[in-house]
Amino acid sequence: MVIPTKSQSDDRDYKVITLDNKLTAILVSDPTTDKSAASLDVRVGHLSDPDNTPGLAHFLEHMLFMGTEKYPDENEYNTYLSSHGGGSNAYTDTEDTNYYFDVNAPHFAGAVDRFAQFFIAPLFTESATERELKAVDSENSKNKQNDFWRSFQLMKGLARPDHPFSKFGTGNSDTIKDDPKTGVSVREALLAFHAKFYSADVMKLAVVGKESLEELEKMVVESFSDIPNKNIGNPVFPGEPYTSKELRKSLEVVPIKENRSLDLAFPLCSIREFYKSKPASYISHLIGHESAGSIISYLKKKNWANDLWGGPARSCSDWASFQIGIDLTEEGMDHIDEIVDVCFGYINMLKKEGPKEWIFKENLEVSSNTFRFLSKSRPQGYACSLAEKLQNYDHEDVLSGPYLASKYDPELITKILGHLRADNMIVTVTGRKFKGQTSEVEKWYGTEYNERPIEEDMIKRWDGISFPESDLHLPEKNELIATDFELRDSSGFNAAPKLIVNTDLARVWYKPDDKFSMPKLNVMATLQAPSVYSDPDSYCCAQLFVSCLNEIMNEFSYMASMAGLSSSVSSSRVGIEVTVSGFNHKLHGLMGKVFETISTFDKALTTSLFNRIKEKTTKSMKNFFYGQPYSHAGQATDMILGPVMFSVHERIEAVEGITIEDLKIFAGRLLTRTSVEMLVHGNVTPEEAKRFLDVIITSVQPKPLYPSMRPNHRVARLTRGRDYVYRFKCYNDQEANSCTQDVFQLVPDTVEDTAECYFLAHLLNEPAFDILRTKETLGYIVWSGRKNTETILNLSFIIQGDANPPDYLSERVEAFLVTFRQKIVDMEETEFGENKQAVIDKLLEKDKNLSEESYRYFNQINKGLYVFEKSKLMAKAVEGMDKTSTLKVFDAFLAAGGEKRCKLSTRVYGKDVAMPIGEGSGAQEQEQEGPEIVKDVHEFKRRMELWPLAASPDLSTFE
């Protein structure tokens, strides 16, 4: 038994125990939690796949959810979790498979018992095996047009063939199948893999509950002691997958999206055991730095790059990889060798300078502050991370290990730096310019690429290159690190935010931290500016404005981020949003720097910066067309239902025509008239809160908005009793998947109606996934839930897959709704009551940290509703619901023929799926006894009614 070192601000109790079967568990007792969670990490991943069945570990991860001997019903686990406010998921990595769930705290023991059976006696039934394989195949199909998966598998394929890192880990219907010729039986392979590798001695468990440590230990011992221990020990792999034969290579890769990038990958020795000195983190901090003298600062000045990251890209038990990734400009693509020059110039400078203890201590001070005032996270994510960390940290360090470094080890830093050499590297250049000029094709994803050796003269050049100190140098000391952590007095304050400034020009909502006792502060401000969304040109100018502004701020905002502070500027429908957050000590100064930059924008904006950001923005807009079909369906749905919204085609045309002079004129007029809505929440007094508003007023000196300029975003009102269909081909002509998004428009966002919608969405979620995804295997992506348009409530279904046309997918949604209604009718009152309680518990769930609470308040402020305790009011409304009232809502809004039903079905057709004949451009069309076909979105919206806006509340009650 070990008690791990915890944060000073952590009020939870911990204990690490080892069961008789050698399973290790960390117990987390949190009497205040309303959600409990557990995660079990098995030290086996796809590197352990049999050579004749690639993807088996991943497939087994899917199959463990499909019934056990004690709970044979395939859906028992998910039904139990859903009916008690919980959810679950899992993932398979190279060396680990992690399973996790959460559930309302009173039902933790039942969930744990069901969860433990995954690892004791799973069924792996023949029928489930056949169906779930379709889900794995659909998952692989979803990934085929994804550049991350394509590049990851390309690098795996370049590893030495005798190292398991070279394997294909996802699997598909070709790699996981019965094969009489070779004697492969998928079910037998699953049973054998589970029997061999799912051993208690390689399992790490984390449980987070409100029970005492003694009660949690009893629960864990009773539930998990029956997992067999085969004493297999952690899998051992044969060292680094890249030898001199696989290194010293340069790749040219054709991406799916308009990506331009340069990646330098350096294999290392394993670094997991060095967590107490963190040598790789020291190097990452410097190579990834963004202040003056850094790699990225130099490259931006040359107009060669937009972004850079550097650090361990892969940390395995037998090796690691340090990677420098750079997002290139179009000009940068013509200067690859020079950019590598800069990277090695910086690396060689670090080697020459040697490790600096002051940098190590500065990083330690920041990470120590972070750990000292570590905010709570949601139990499910926390349990998942703890189970994973138990595999890699000593038990006493499982909480502190990721943050604290107890030893300065310059020799080890020097050793790791020594791996960053040109002869120990693979260079990857990614760009569509290589299309049609490649000679190699990757086996699993079809990635086109070239492979060439790096010549000896280039290796000598890079290993010996240097730059003047004025170009590349170490960062300055960080003056933004907080040292004052005194807490302000928040006693006697009402729970809801208080309006402490209320004028035509500004409203300031103030809320001290009366829950978390942290020296942290969140300041969120919306500067309303109607011109931001008036037309495509203005929309794109706003995008360019905030992107250029964030770039101009970067060298000081990056230093702030290194000190535990953050700042961001973004655009929204109503104007410009500015957020600063972190330790309150030096946050006011950061806010001042942000608005000083806003007020001097035209002087700081250079032609080089403008051109670089314009190119980056245009590229990002074009890349939308290579996204998932469900994202295309969502954007089209928002176009049809939402307030003024511009198509991606319009945005691209607009942004390409904007000049630097256009942007300067736009920026000069943007905030001449504005109204500020601000939330100041955290460790702050009312007087200090008002000083943040003073920063804005002094810097921008705006006049208030005219009343006619106030935001007026109204939503299209579909006709009751009418269904609508909008169809289009997927923008990516190589995308095999099709998609439907079926949206049922309900009513405006009031407490009672939102509660009805929330409850109905909860009831729908689990059976929709079970029937449409698990049983009918319509696609890997199946989702149902609430999808509001501004303040109008909707219920939505999304299905994406490569086996069926979207019209059929939409038909299956309708068929499901018929069976779902009967499910409500047949539901026992006990089960109905359990689901009601699950929703009530979810609505009453406490904020886990200051940021969760802040965003909940600011969401209400931005909507202009100011119902700060809405969840509590909704919970009360749910208490009064019964089956009769729920069926009444269902019959009116969702059932076919319902008097208030109105549905928009947006359907995206994959490359091999034909659209119905006659679906050209033109006016609206009514199918005989069928839905209305939307052919022209703008024409459709012009003739639709609009929902009225909610009446403005009386704000004097908040003062």
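Along each chain, numbering runs from 1 in the same order as the chain's sequence is written. This being a predicted model, a pLDDT of at least 70 is required before a residue's local features are given, and a value of 80 or more before pairs of side-chain atoms are given or counted; all residues contribute to the totals for chains, interfaces and linings. The side-chain quantities take in all heavy atoms of the structure and omit both hydrogens and water.

The name given to the protein in an unreviewed UniProt entry is Insulysin, and the organism recorded there is Triparma verrucosa.

A look at empty space enclosed by the protein
Note on definitions: the grid is 1 Å and covers protein atoms alone; a cavity is a set of points where a 1.4 Å probe fits but cannot get out; a pocket is an open set with protein on both sides within 12 Å along at least five of seven lines; lining residues have an atom within 4 Å of a point. Grid points are joined across faces, edges and corners, and a volume is the space filled by probe spheres set on the points. For the structure shown, the criterion picks out four cavities of 30 Å³ or more. Within this model, the largest cavity holds a volume of roughly 100 Å³. If you trace the largest cavity, you find it lined by Thr-79, Ser-82, Ser-83, His-762, Leu-763, Glu-766, Pro-767, Lys-823, Met-827, Glu-831 and Asn-835. The numbering of helices and of strands both runs from the N terminus, where a helix is a DSSP run of H or I of at least 4 residues and a strand a run of E of at least 2. Where the lining of the largest cavity is concerned, the elements lending two or more residues are α2 (76-83), α23 (751-775) and α25 (829-843). The greatest single-element share of the lining of the largest cavity, amounting to four residues, is contributed by α23. Any residue outside Ala, Val, Leu, Ile, Met, Phe, Trp, Tyr, Cys, Pro, Asp, Glu, Lys and Arg is labelled polar, Gly included; the first ten of those are nonpolar and the last four are charged. For the lining of the largest cavity, the residue count by class is three nonpolar, five polar and three charged. Within this model, the second largest cavity holds a volume of roughly 60 Å³. Considering the residues around the second largest cavity, the lining is formed by Phe-65, Gly-67, Thr-68, Tyr-71, Asp-73, Glu-74, Glu-76, Tyr-77, Arg-114 and Phe-118.

Regarding the UniProt feature "domain: Peptidase M16 C-terminal" (unreviewed entry) in the protein
Sequence positions flagged by UniProt for "domain: Peptidase M16 C-terminal" (unreviewed entry) are, in local numbering, residues 187-362. Each end of residues 187-362 is marked by a C-alpha atom, and these two atoms are 54 Å apart; helix forms 36% of the span and strand 23%. UniProt positions are given in the numbering used here, feature names are shortened, and annotations may be inferred rather than shown by experiment.

Re the UniProt feature "domain: Peptidase M16 N-terminal" (unreviewed entry) in the protein
Taking the numbering used here, the UniProt-annotated feature "domain: Peptidase M16 N-terminal" (unreviewed entry) corresponds to residues 26-161. The distance from the first to the last C-alpha atom of residues 26-161 is 38 Å, and the span holds 40% helix and 19% strand.

Remarks on the pairing of strand β9 (residues 305-315)
When DSSP finds at least two bridges between two strands, those strands are taken to pair. Pairing of β9 with strand β10 (residues 320-328), which is carried by nine bridges, proceeds in the antiparallel orientation. Residue Leu-308 lies in a different strand from β10, and its bridge partner there is Ile-326. Linking two consecutive strands that pair antiparallel, namely β9 and β10, is a turn of four residues.

With respect to the environment of His-762
Topologically, His-762 is positioned in helix α23. For the exposure calls, accessible area comes from a 1.4 Å probe over protein chains only, and a residue counts as buried if that area is under 20% of its type's maximum, exposed if over 50%, partly exposed in between. Note on His-762: relative accessible area 13%, which makes it buried. Residues His-762 and Trp-304, spaced 458 residues apart in sequence, show a C-alpha to C-alpha distance of 49 Å. Whether two residues are in contact is decided by their heavy atoms, any of which lying within 4.5 Å being enough. Filtering out sequence-adjacent residues up to four positions away, His-762 remains in contact with Ser-82, Ser-83, Asn-835, Ala-838 and Val-839.

With respect to the pairing of strand β4 (residues 87-92)
Here β4 runs beside strand β5 (residues 97-104); their pairing, made up of six bridges, is antiparallel. The residue of β5 that forms the bridge with Asn-89 is Tyr-100. Hairpin connection of β4 to β5: four residues between the antiparallel strands.

Examining unusual backbone geometry
Generally, phi is negative for residues other than glycine and the peptide bonds are trans, each holding for most cases. Even without glycine at this site, Lys-22 takes up a positive phi of about 75°. Mapped onto the elements of the fold, Lys-22 is located in the loop between β1 (13-18) and β2 (24-29). The partly exposed category is assigned to Lys-22, whose relative accessible area is 44%. Residue Asn-231 is not a glycine yet carries a positive backbone phi of 50°. Following the sequence through the fold, Asn-231 ends up in the loop between α7 (213-224) and β7 (249-253). Its relative accessible area of 48% is what places Asn-231 among the partly exposed residues.

A short note on the pattern of salt bridges
A side chain of one charge can pair with a side chain of the opposite charge if their charged atoms are brought near each other. When a carboxyl oxygen of Asp or Glu lies within 4 Å of a side-chain nitrogen of Lys or Arg, that pair is called a salt bridge. In this structure the tally under the stated criterion is 64 salt bridges. We note a salt bridge from Asp-162 to Arg-160, for which the minimum N-O separation is 2.7 Å. Taking relative accessible area as the criterion, Asp-162 reaches 54% and is therefore assigned exposed. Taking the relative accessible area as the measure of exposure, Arg-160 reaches 14% and is therefore buried. One salt bridge in this structure joins Asp-409 and Lys-407, with 3.7 Å as the shortest N-O distance. Residue classification places Asp-409 among the buried positions, given a relative accessible area of 15%. If you follow the salt bridges from partner to partner, you end up with Asp-34, Lys-35, Arg-378, Lys-842, Glu-845, Lys-846, Lys-848 and Glu-852 in one network.

Here's the deal with the sheet that holds strand β6 (residues 203-209)
Here six strands make up an open sheet; going across it, the order is β1-β2-β6-β3-β5-β4 and the pairing mixed. For this open sheet the edge positions go to β1 and β4, each flanked by a neighbour on one side alone. Here the average twist between neighbouring strands, direction ignored, is 10°. Of the strand pairs in this sheet, strand β3 (residues 35-42) and β5 are connected by eight bridges, and their pairing is antiparallel. Residue pairing for β5: Ser-39 is matched across the bridge by Tyr-100. Angles here are taken between N-to-C directions and fall from 0 to 180 degrees, while the axes themselves are lines fitted to C-alpha atoms, restricted in helices to the stretch in contact.

Concerning the packing of helix α8 (residues 279-287) against helix α13 (residues 410-417)
Their axes nearest at 8 Å, the elements α8 and α13 cross at an angle of 65°. Helix-helix and strand crossings are classified by hand; for α8 and α13 the assignment is right-handed. Packed against α8, whose contacting residues are Pro-279, Tyr-282 and Ile-283, the element α13 presents Leu-412, Ile-413, Ile-416 and Leu-417 at the interface. Residues that form the contact of α8 with α13 fall into these classes: seven nonpolar, no polar and no charged. Take the far helix as the reference: if the near one is turned anticlockwise from it by less than a right angle, the crossing is left-handed, and if turned clockwise, right-handed.

Regarding the nonpolar core
By convention a nonpolar core is built from buried Ala, Val, Leu, Ile, Met, Phe, Trp, Tyr and Cys residues, the set being connected through side-chain atoms within 4.5 Å. Residues Phe-545, Phe-595, Leu-663 and Met-678 are the most contacted members of the largest nonpolar core, which totals 98 residues. Counting residues per element, this core draws most heavily on helix α15 (residues 536-562), which supplies 13 residues. In this structure, Ile-296, Ala-320, Phe-322 and Cys-343 belong to the second largest nonpolar core, which totals 56 residues.

With respect to the packing of α15 against helix α21 (residues 660-670)
Relative to each other, α15 and α21 sit at 85°, their axes nearing to 10 Å. Classified by the angle between their axes, α15 and α21 sit roughly perpendicular to one another. Contacts between α15 and α21 pair Ser-538, Cys-541, Ala-542, Leu-544, Phe-545 and Cys-548 from the former with Asp-662, Leu-663, Phe-666, Ala-667 and Leu-670 from the latter. Oblique is the label for any angle not covered by the other classes, which are roughly parallel (under 35 degrees), roughly antiparallel (over 145) and roughly perpendicular (65 to 115).

Here we look at the packing of aromatic side chains
Aromatic rings from Phe, Tyr and Trp, with only the six-membered ring used for Trp, were paired whenever their centres fell within 6.5 Å, and each pair was classed as stacked if the ring planes differed by under 30 degrees, edge-to-face if by over 60, and tilted otherwise. As enumerated under the stated definition, the model contains 58 aromatic pairs in all. A ring pair is formed by Phe-624 and Phe-625, whose centres lie 6.0 Å apart and whose planes are at 70°; its orientation type is edge-to-face. Neither Phe-624 nor Phe-625 differs from the other in exposure class; each is buried. Look at Phe-625 and Tyr-731: their rings are 5.0 Å apart centre to centre, the planes differ by 70°, and that puts the pair in the edge-to-face class.

With respect to α25
Expected span of a helix, by definition, is 1.5 Å for each gap between consecutive residues, and there is one gap fewer than residues. For α25, which comprises 15 residues, the first-to-last C-alpha distance of 21 Å matches the rise-based estimate of 21 Å (1.5 Å per residue) to within 8%. Buried within α25 we find Phe-832, Asn-835, Lys-836, Ala-838, Val-839, Ile-840 and Leu-843. Here the buried face of α25 lies against α2, β5, α23, α27 (870-879) and α28 (883-893).

Considerations on a negative patch on the surface
Negative charge collects at one region of the surface, where Glu-126, Glu-130, Asp-178 and Glu-188 lie side by side. Note on placement: Glu-130 falls in helix α4 (residues 126-143). Under the relative-accessibility criterion, Glu-130 is labelled exposed at 57%. Each patch is built from salt-bridge-free residues with over 30% relative accessible area, joining like charges within 9 Å and nonpolar side chains (Val, Leu, Ile, Met, Phe, Trp, Tyr) within 5 Å. Note on areas: Shrake-Rupley, 1.4 Å probe, and residue coverage restricted to the protein chains presented here. Positive charges come from Lys and Arg alone, negative charges from Asp and Glu alone, with His and the N- and C-terminal ends not counted. To locate a charge, take NZ of a lysine, CZ of an arginine, CG of an aspartate or CD of a glutamate.

Re helix α24 (residues 806-826)
The end-to-end C-alpha separation of α24 is 30 Å, in line with the 30 Å expected for 21 residues at 1.5 Å each. Every buried residue of α24 is accounted for by Pro-806, Asp-807, Leu-809, Ser-810, Val-813, Glu-814, Phe-816, Leu-817, Phe-820 and Ile-824. Here the buried face of α24 lies against β21 (722-729), β22 (738-748), α23, β24 (792-801), α28 and β25 (902-909).

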